[in-house]
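Letter by letter, the chains look like this.
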Amino acid sequence: MKLGMIGLGRMGGNIARRLMRDGHQVVAFDRNAEAVAALAADGAEPASSLEEMRSKLDHPAIYWVMLPAGDPTEQTVNALAETCGSDTIIIDGGNSFYKDDIRRAKMLGEKGVRYVDVGTSGGVWGLERGYCMMIGGPKETVDYLDPIFRTLAPGLGTIERTRGRPDGEDGRAEQGYIHAGPSGAGHFVKMVHNGIEYGLMQAYAEGFDILKAKASERLIEEERFDLNLTDIAEVWRRGSVISSWLLDLTAIALANDQKLEKFSGKVADSGEGQWTIDAAMEEAVPAHVLTAALFARYRSRVDHTFGDKVLSAMRFGFGGHVEMPQ
């Protein structure tokens with residue numbers, strides 16, 4: 001298939017590269033001309049504007065928007081809505097708020113434009129590992145785009161199949177992508193995914209903080225342990241019930257520097273954690289761990305701990321988020 005990729009940052013560029021590796025055609029646009037040139041060198045067709053991109057796409061034209069949530073995505077979708085023809089497909093693969101998807105889908109539908117929201121997880125590793133995708137939108141449109149999603153997904157790989165999984169369940173889930181439901185459902189599922197991510201990361205961070213503090217002079221000497229955090233992270237990766245990719249990334253960071261000195265510990269958040277808590281409040285669902293994890297990030301910007309550096313290291317590991325000392 002042929003599509004236009006708008007936004008060639010850490011994920012957008014690699015999504016385009018993974019598609020091209022499997023024979024899809026990509027027309028590339030970004031305000032950063034160097035990013036466009038780099039992708040063109042890998043086989044993409046460059047475009048200097050949305051108007052030029054439109055002239056290079058097939059019918060129906062497919063646009064994949066991979067920009068930060070909020071104004072950048074909103075402005076781009078609105079610009080496409082003004083210039084693209086009916087039966088165009090717009091995919092938002094970023095981390096937009098799901099209620100914005102519902103509104104956009106209605107607005108675009110009145111113009112004959114189809115809208116699909118794709119919650120995309122995989123970070124800077126997605127080019128090789130593939131991307132886990134949670135997709136919202138009309139079934140016929142999602143099915144039409146399946147060749148794109150199938151290419152981007154990680155596939156079954158070496159992960160053991162779930163014992164007892166009923167026959168007749170959506171086989172795409174085992175491949176790493178699902179049609180979650182109507183417009184907004186994809187980003188809603190990804191939002192909760194990221195809220196859970198906050199909680200998991202906070203648990204690891206606090207655990208390693210406790211391990212490190214066992215050497216503190218506040219403790220009596222015979223109860224102090226000078227623990228090797230690098231070895232602990234490594235042994236937990238192998239056969240432990242708390243093994244995970246997040247732990248893998250923590251082990252990598254600690255192997256490079258057990259003190260994590262290049263990380264500030266001022267942990268940012270990109271919005272999904274707060275939106276998850278907002279949804280929990282709207283639904284009257286208690287979410288103690290996820291709420292505490294979100295507020296811990298707010299606190300980290302005032303008072304930092306070693307655990308906050310562990311959080312920063314994980315964020316850099318999976319997403320390339322840079323939180324350097326200030």
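Our structure's up above, just so we're on the same page.
Residues numbered from 1 in each chain as written. Predicted model: local features only at pLDDT ≥ 70, side-chain atom pairs only at ≥ 80, totals over all residues. Heavy atoms only, no water.

Enquirer: What is the right way to look at the overall build of the protein in this model?
Expert: Scanning the protein from terminus to terminus reveals 15 helices and 8 strands. For a compact globule of 326 residues, the expected C-alpha radius of gyration is about 20 Å, and the protein comes in at 21 Å, within 12% of that figure. Principal-axis analysis of the C-alpha atoms places the extent of the protein at approximately 75 × 45 × 40 Å. Considering the protein as a whole, with its 326 residues, one finds that 46% of them fall into the buried category. Put simply, the protein shows about 16200 Å² of open surface, and 54% of that area lies on carbon and sulfur atoms. Separation between the mean location of the 36 positive side-chain charges and that of the 47 negative ones in the protein comes to 1 Å. (Helix = DSSP H or I, 4+ residues; strand = E, 2+ residues; numbered from the N terminus. Rg over C-alpha atoms; globule rule 2.2 N^0.38 Å. Buried < 20%, exposed > 50% of the residue type's maximum accessible area, 1.4 Å probe, protein only. Areas by Shrake-Rupley, 256 points an atom, 1.4 Å probe, with all protein chains shown as cover. Lys, Arg positive; Asp, Glu negative; His and termini not counted. Charge placed at Lys NZ, Arg CZ, Asp CG, Glu CD.)

Enquirer: Sorry, what's going on with the packing of aromatic side chains here?
Expert: How two aromatic rings sit relative to each other is set out by the distance from centre to centre and by the angle between their planes. What the rule picks out here adds up to 9 aromatic pairs. Summarising the aromatic geometry, the rings of Trp-64 and Phe-149 are spaced 6.4 Å apart at their centres and angled 65° between planes, so their arrangement reads as edge-to-face. Taken as a pair, Trp-64 in strand β4 (residues 62–65) and Phe-149 in helix α8 (residues 146–152) lie far apart in primary sequence, 85 residues in all. For Trp-64, a relative accessible area of 0% puts it in the buried group. Judged by centre distance (4.8 Å) and plane angle (75°), the rings of Tyr-98 and Phe-188 are edge-to-face. Separated by 90 residues along the polypeptide, Tyr-98 in helix α5 (residues 98–109) and Phe-188 in helix α10 (residues 185–213) bring together distant segments of the chain. One aromatic cluster in this structure is built from Phe-97, Tyr-98, Phe-188 and Trp-275. (Phe/Tyr/Trp six-rings, centres within 6.5 Å; stacked < 30°, edge-to-face > 60°.)

Enquirer: How should I be thinking about the packing of helix α4 (residues 71–83) against α5 in this particular structure?
Expert: Pairs of packed helices are described in terms of their axes, by the angle between the two and the distance that separates them. At a minimum axis distance of 11 Å, the contact between α4 and α5 shows a crossing angle of 10°. The orientation of α4 with respect to α5, classified from their angle, is roughly parallel. Facing α4, whose interface residues are Thr-73, Glu-74, Val-77, Asn-78 and Ala-81, α5 presents Arg-103, Arg-104, Met-107 and Leu-108. (Axes fitted to C-alpha atoms, helices over the stretch in contact; angles between N-to-C directions. Parallel < 35°, antiparallel > 145°, perpendicular 65-115°, else oblique. Contact = heavy atoms within 4.5 Å.)

Enquirer: Is there a simple way to explain a nonpolar patch on the surface in this structure?
Expert: Taken together, Val-124, Trp-125 and Ile-252 make up a surface patch of nonpolar side chains, about 240 Å² in accessible area. Along the chain, the position of Ile-252 falls in helix α12 (residues 245–256). (Patch = residues over 30% accessible without salt bridge, like charges linked within 9 Å, V, L, I, M, F, W, Y side chains within 5 Å. Salt bridge = Lys/Arg side-chain N within 4 Å of Asp/Glu carboxyl O.)

Enquirer: Please explain the packing of α10 against α12 as it appears in this structure.
Expert: With their axes 11 Å apart at the nearest point, α10 and α12 run at an angle of 40° to one another. Looking at the two axes, α10 sits oblique to α12. Taken as a pair, α10 and α12 cross one another with a handedness that is right-handed. Where α10 approaches α12, its residues Leu-200, Met-201, Tyr-204 and Phe-208 are matched on the opposing element by Leu-246, Leu-247, Thr-250 and Leu-254. Considered class by class, the residues forming the contact of α10 with α12 number 7 nonpolar, 1 polar and no charged. (Left-handed = near helix turned anticlockwise from the far one by under 90°. Nonpolar A, V, L, I, M, F, W, Y, C, P; charged D, E, K, R; others polar.)

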